[in-house]
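Residues per chain, in single letters:
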Amino acid sequence: MAYQPKRRKMTAEINVVPYIDVMLVLLIIFMVTAPFVTQGVDVELPKTAEAKTAAELAKEEDSGAFIIVEVDKDGQLGLSVNNGDMVRGLSLQDTLVRVKAELQLNPNSPVLVGGDGRVPYSEIILTLDALNQAGVSSVGLMTEPYES
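Bear in mind that the values here come from a model prediction, so they are computed numbers and not experimental data.

1. Things to note about the overall build of the chain
Link 1 in the chain: When its secondary structure is counted, the chain shows 4 helices and 7 strands.
Link 2 in the chain: Order of helices (α) and strands (β) in the chain, N terminus to C terminus: α-β-α-β-β-β-α-β-α-β-β.
Link 3 in the chain: At a minimum sequence separation of 6, the contacts of the chain that also span at least 24 residues come to 61%.
Link 4 in the chain: Accessible surface, the chain: about 11400 Å² in total, of which carbon and sulfur atoms supply 56%.

What follows is the structure in structure tokens.
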């Protein structure tokens, strides 16, 4: 009787262990670098000789919170409350609703409008006018002090 080798079935399997290793390394890299990524747009504020910081304004108003509305160079609105992250890409109506809601929570919060130096003046005026029509009684304009 002659020896007949057993026929083995060919199986095609992918070894996924290297892929899992690569994915874990990528996950670690993204987790480490995520805090260093800034989520904002640089706004070049107009310069002035005498300016108060937002913290000084908040102390004067006897409130720890302040509301900042920014207009970037493309005319997009952003909103930051109490030095939080700037929420960008809001419509004018969304910004007004959020500002009014924050003012209901803290009626003494100062509202500051900052506009990029390259944005048309009309965009700032439209934002100020909309805040005024929404019932915001006092609005400050943000500037940066001259460096001497």
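2. Description of a nonpolar patch on the surface
Link 1 in the chain: Side chains of Ile14, Val16, Tyr19, Ile20, Leu24, Leu27 and Met31 sit close together on the surface and give an oily, nonpolar patch of about 750 Å² of accessible area.
Link 2 in the chain: Tracing the backbone through its elements, the reader meets leucine 24 in helix 1 (residues 17–33).
Link 3 in the chain: With relative accessibility at 45%, the residue leucine 24 sits in the partly exposed group.

3. Concerning the confidence of the model for the chain
Link 1 in the chain: On average, residues of the chain score 79 in pLDDT, and 78% of them reach the 70 mark or higher.
Link 2 in the chain: The weakest mean pLDDT in the chain belongs to helix 2 (residues 54–60) at 58; the strongest belongs to helix 1 at 93.

4. A short note on the pattern of salt bridges
Link 1 in the chain: This structure, assessed with the given rule, holds 2 salt bridges.
Link 2 in the chain: When the shortest N-O distance is used, the salt bridge between aspartate 116 and arginine 118 registers 3.0 Å.

5. Considerations on the pairing of strand 3 (residues 77–81)
Link 1 in the chain: The element strand 3 is extensively covered by neighbouring structure, given that 4 of its 5 residues are classed as buried.
Link 2 in the chain: One ladder, built from 5 bridges, connects strand 2 (residues 67–71) with strand 3; its direction is antiparallel. Following the sheet pairing, isoleucine 68 is matched in strand 3 by serine 80.
Link 3 in the chain: Here strand 2 folds back onto strand 3 in antiparallel fashion, the turn holding 5 residues, of which glycine 75 has a positive phi close to 85 degrees.
Link 4 in the chain: By the bridge criterion, 3 bridges tie strand 3 to strand 4 (residues 87–90) in an arrangement that is antiparallel. From the neighbouring strand, glycine 78 faces strand 4, where its bridge partner is arginine 88.
Link 5 in the chain: If you look at the hairpin formed by strand 3 and strand 4, you'll find 5 residues sitting between the two strands, and asparagine 82 has a positive phi there, around 55 degrees.

6. Describing the UniProt feature "transmembrane region" (unreviewed entry) in the chain
Link 1 in the chain: UniProt marks residues 16–37 with the feature "transmembrane region" (unreviewed entry), using the numbering shown here.
Link 2 in the chain: Taken end to end, residues 16–37 is 77% helix and 0% strand, and its first and last C-alpha atoms sit 31 Å apart.

7. Observations regarding the sheet that holds strand 6 (residues 139–141)
Link 1 in the chain: Reading across from one edge, 4-3-2-5-6 is the order of the 5 strands in this open sheet, with mixed pairing throughout. The two strands at the open ends of the sheet, each matched to only one other strand, are strand 4 and strand 6. Here the strands of the sheet are splayed against their neighbours by 25 degrees on average, with no regard to which way each runs.
Link 2 in the chain: Running over the sheet, helix 4 (residues 121–133) touches strand 2, strand 3, strand 5 (111–115) and strand 6 and is turned about 165 degrees from strand 5.

Conventions used here
Residues numbered from 1 in each chain as written. Predicted model: local features only at pLDDT ≥ 70, side-chain atom pairs only at ≥ 80, totals over all residues. Heavy atoms only, no water. Helix = DSSP H or I, 4+ residues; strand = E, 2+ residues; numbered from the N terminus. Contact = heavy atoms within 4.5 Å. Areas by Shrake-Rupley, 256 points an atom, 1.4 Å probe, with all protein chains shown as cover. Patch = residues over 30% accessible without salt bridge, like charges linked within 9 Å, V, L, I, M, F, W, Y side chains within 5 Å. Salt bridge = Lys/Arg side-chain N within 4 Å of Asp/Glu carboxyl O. Buried < 20%, exposed > 50% of the residue type's maximum accessible area, 1.4 Å probe, protein only. pLDDT = per-residue confidence, 0-100. Pairing = 2+ DSSP bridges. UniProt positions renumbered as here; feature names shortened; annotations may be inferred. Axes fitted to C-alpha atoms, helices over the stretch in contact; angles between N-to-C directions.

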